[in-house]
Amino acid sequence: MTNHSFWYYFFSLFGITLARYFLIAGGAYLLFYLVLGKSLANKSLRLKPLMSGSVKKDIELSVLSAVVFAICGAFIISEYSLGATLLYTDLWKYGLWYLVVSFIAVLVLQDTYFYFIHRIFHQPLIFKWMHYGHHRSGEPTPWSSSAFDLPEAIVQGLFFVGVSFIVPLHFITLVAALVIMTVWAVLTHLGFEVFSSSSKNNWIGKWLIGSTHHSIHHRKYKVHYGLYFTFWDKLLGTEDPNYENDSH
């Protein structure tokens, strides 16, 4: 990898992060809200109309978050160039099997990290300045997927900074995890039930977090703190007791 300045990496990653956000979140909003909205009305999870100005506010916070994520990414690459991280580029260094194992490990680690920091963010003493921005729009849209207050964006970004120093990861694995994170965040904030989320007879809804599962969090605040998996909510008693019995 050719070495460049920190600011080269920053501006490149800022552009990529914004493009990813507008492509995935904007594309989902265009498709589900403007093109297919009426035909999918029976799949909508919204209980209230979209708040005036909420999309604009979510985009503003997401651009701010993109700045933070770009700084984190530029730091990671700069440190990689100095040989300080555990990132690598040789596919055969640990074997192809390790790509799969490390990818799953990153998702599990991120889900665990997210669950506990998310639960902390909802503590009344820090909620207003750590996490309020994400809930400011009420019921979410795809634009809400990256809408974080500055302190939260920093804490979120630090996960990938930390993991690049403690877990050997191929760049392909790292990029794949970032893409999955973006797509999953858009899915959980979609506001439409794209697959049946009743977990009574559905292993997907039972173990994976979808738009129905996360929409309950945005309404009730005190339940459903996970990112990808329902494991921690089940284990620590923060899953809505009605979730597994109702289709919501």
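Residues numbered from 1 in each chain as written. Predicted model: local features only at pLDDT ≥ 70, side-chain atom pairs only at ≥ 80, totals over all residues. Heavy atoms only, no water.

Draft legend 1. Up close: helix H2 (residues 54–81). In a regular helix each residue adds 1.5 Å, so 28 residues correspond to 40 Å; H2 covers 40 Å between its end C-alpha atoms and thus fits that length. One or two positions beyond H2, positive phi appears at glycine 83, with a value near 75°. (Helix = DSSP H or I, 4+ residues; strand = E, 2+ residues; numbered from the N terminus. Expected span 1.5 Å × (residues − 1).)

Draft legend 2. Molecular detail of the packing of aromatic side chains. One pass over the full model with this rule turns up 30 aromatic pairs. Taken together, a centroid distance of 6.3 Å and an interplanar angle of 35° make the contact between phenylalanine 75 and phenylalanine 165 tilted. In this pair, phenylalanine 75 is assigned in helix H2 and phenylalanine 165 in helix H6 (residues 150–166), connecting sequence segments 90 residues apart. Looking at phenylalanine 75, the relative accessible area reads 35%, which means it is partly exposed. You can call phenylalanine 165 partly exposed: its relative accessible area is 31%. A connected cluster of aromatic rings, assembled from ring pairs, spans Tyr21, Phe22, Tyr29, Phe32, Tyr33, Trp143 and Phe192. (Phe/Tyr/Trp six-rings, centres within 6.5 Å; stacked < 30°, edge-to-face > 60°. Buried < 20%, exposed > 50% of the residue type's maximum accessible area, 1.4 Å probe, protein only.)

Draft legend 3. Spatial organisation of unusual backbone geometry. Of note in this structure, tyrosine 221 is not a glycine but carries a positive phi near 70°. Here tyrosine 221 lies in the loop between helix H9 (211–220) and helix H10 (231–235). On the basis of relative accessible area, tyrosine 221 is assigned to the partly exposed category, the value being 29%. For histidine 224, which is not a glycine, the phi torsion comes out positive at approximately 60°. For histidine 224, the position within the fold is in the loop between H9 and H10. Assessed through its relative accessible area of 0%, histidine 224 is described here as buried.

Draft legend 4. Structural detail: the pattern of salt bridges. Overall, the coordinates contain 4 salt bridges when judged by the stated rule. Glutamate 60 serves as the salt-bridge partner of lysine 56, at 2.5 Å between the closest nitrogen and oxygen. Placement of the pair is lysine 56 and glutamate 60 together in helix H2, with a separation of 4 residues, close to one helical turn. Classification of lysine 56 as exposed rests on a relative accessible area of 56%. Glutamate 60 sits in the partly exposed class, given a relative accessible area of 43%. (Salt bridge = Lys/Arg side-chain N within 4 Å of Asp/Glu carboxyl O.)

Nothing here speaks to function; it is all geometry.
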